[in-house]
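Survey of secondary and tertiary structure
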Amino acid sequence: MFSHLLFILFLFFFAAWGPGTAPVEAITYGEAVTGEVTDAQFEVFYTFEAQAEDTIVAAIDGDDEAEMILFDPALKLLDPNGEVLADTTTSFDLFEQVIVVQLRQAGIYTLVATRLDGESGVSFGGYELTLDLAQTLDVGAQVESKITDLEDDRYYVLEAIEPFTLQITQATNGNFPYYAVNTVSEGGILQVVGQVFGAQISEVTLTGFEAEQMYIVVVGADEFERPLEAVTATYALTLQPQPQEE
């Protein structure tokens, strides 16, 4: 209750004293919203309710349908007490920024849609913000699915308690999709540690992943290798303990 009160006071502070009027909107898992960053309003706030141990994936990208596209969007994530859990305002990535964070407590969290360098930034325009809950992968289990290049990327989370291998089988008629295994930095930014894609690949195994880490497996379209025509792929991900060396 006390943390919720602090959070409400935090939002009131920004609404009352921040530059311009700081709107606060609601967003839920699986939802995509659009908005605009301007010099007068360089931050837009979105609140969502989460449970402890939720692994959230938030992505902000320039809105292709906006009159002016925000070319260097950025994100912040605030916990129920207003503490910053992730901040990409100093990390340049043209068009899209993604953060992945495992939440440690239940409560009301806030996503802040903004731009590179925040208040001192110079860009403005429309953006699209999405919020998703990563699907859990378990060692010894298999996940099967289908994806098209028009869909958002898929995110899977694995808490590795022992070294593992990732076996990928796919059927596709194009250079799609892209598979990447990532670790997560303290600020929620993904760091690729293994990746593969290609139309000629039907089965491949990625190895060398260490224990006692959280990994995020991403399946989707590579930013610079997106197909020119619609492509559909079916795939299966299988995690197995890494064989012991004799």
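Our subject is the structure listed above.
Keep in mind the model is a prediction, meaning the values are calculated, not measured.

The subject of this paragraph is the packing of aromatic side chains. For the coordinates displayed, the defined rule picks out 7 aromatic pairs. Both rings, one in F164 and one in Y215, keep their centres 5.2 Å apart while their planes meet at 75°; by these two values the pair is edge-to-face. In this pair, F164 sits in strand β13 (residues 164-172) while Y215 sits in strand β17 (residues 213-220), placing the two residues 51 residues apart along the sequence. In this structure F164 comes out as buried when scored by relative accessible area, which is 1%. Among the residues examined, Y215 registers a relative accessible area of 3% and is labelled buried. Here Y179 and Y235 contribute two aromatic rings whose centre-to-centre distance is 6.2 Å and whose plane-to-plane angle is 75°, an arrangement assigned as edge-to-face. Placement of the pair is Y179 in strand β14 (residues 178-184) and Y235 in strand β18 (residues 232-241), with a sequence separation of 56 residues.

On the surface, a nonpolar cluster with roughly 290 Å² of combined accessible area is contributed by M68, F71 and F124. Note on placement: F71 falls in the loop between β4 (55-62) and β5 (73-78).

For a regular strand, side chains alternate in direction, first toward one face of the sheet and then toward the other. When you tally the buried positions in β5, you get 6 out of 6 residues, the bulk of the element. The alternating pattern of β5 places P73, L75 and L77 and A74, K76 and L78 on opposite faces, both of which are buried. Summarising the sheet, β5 and strand β8 (residues 107-115) pair through 6 bridges and their orientation is antiparallel. Opposite A74, over in β8, you have T114 as the bridge partner. Pairing of β5 with strand β6 (residues 84-87) involves 3 bridges; the strand directions are antiparallel.

The buried fraction of strand β7 (residues 96-102) is high, at 6 of 7 residues. Note that β4 and β7 share 7 bridges and pair antiparallel. Within β7, the residue paired with V57 across the bridge is V100.

Counting through the fold element by element, T89 comes out in the loop between β6 and β7. A polar atom in the side chain of T89 sits 2.7 Å from the side chain of D87.

Judged by pairing direction, the sheet is antiparallel, and its 4 strands sit side by side in the order β2-β9-β4-β7 without closing on themselves. Here the strands that pair on one side only, and so sit at the sheet edges, are β2 (31-37) and β7. The average undirected angle you get between the axes of adjacent strands in this sheet is 20°. Note: β2 against strand β9 (residues 125-133), 7 bridges, orientation antiparallel. Each residue of the ladder has a partner; that of E36, found in β9, is G126.

Turning to a negative patch on the surface, a few remarks are in order. A cluster of acidic side chains, namely D64, E65, E128 and D152, defines a negative patch on the protein surface. Here D64 is to be found in the loop between β4 and β5. A relative accessible area of 68% means that D64 is categorised as exposed.

Criteria and thresholds
- Residues numbered from 1 in each chain as written.
- Predicted model: local features only at pLDDT ≥ 70, side-chain atom pairs only at ≥ 80, totals over all residues.
- Heavy atoms only, no water.
- Phe/Tyr/Trp six-rings, centres within 6.5 Å; stacked < 30°, edge-to-face > 60°.
- Helix = DSSP H or I, 4+ residues; strand = E, 2+ residues; numbered from the N terminus.
- Buried < 20%, exposed > 50% of the residue type's maximum accessible area, 1.4 Å probe, protein only.
- Patch = residues over 30% accessible without salt bridge, like charges linked within 9 Å, V, L, I, M, F, W, Y side chains within 5 Å.
- Areas by Shrake-Rupley, 256 points an atom, 1.4 Å probe, with all protein chains shown as cover.
- Salt bridge = Lys/Arg side-chain N within 4 Å of Asp/Glu carboxyl O.
- Pairing = 2+ DSSP bridges.
- Polar contact = N/O pair within 3.5 Å; in protein donor to acceptor, adjacent residues only side chain to side chain.
- Axes fitted to C-alpha atoms, helices over the stretch in contact; angles between N-to-C directions.
- Lys, Arg positive; Asp, Glu negative; His and termini not counted.
- Charge placed at Lys NZ, Arg CZ, Asp CG, Glu CD.

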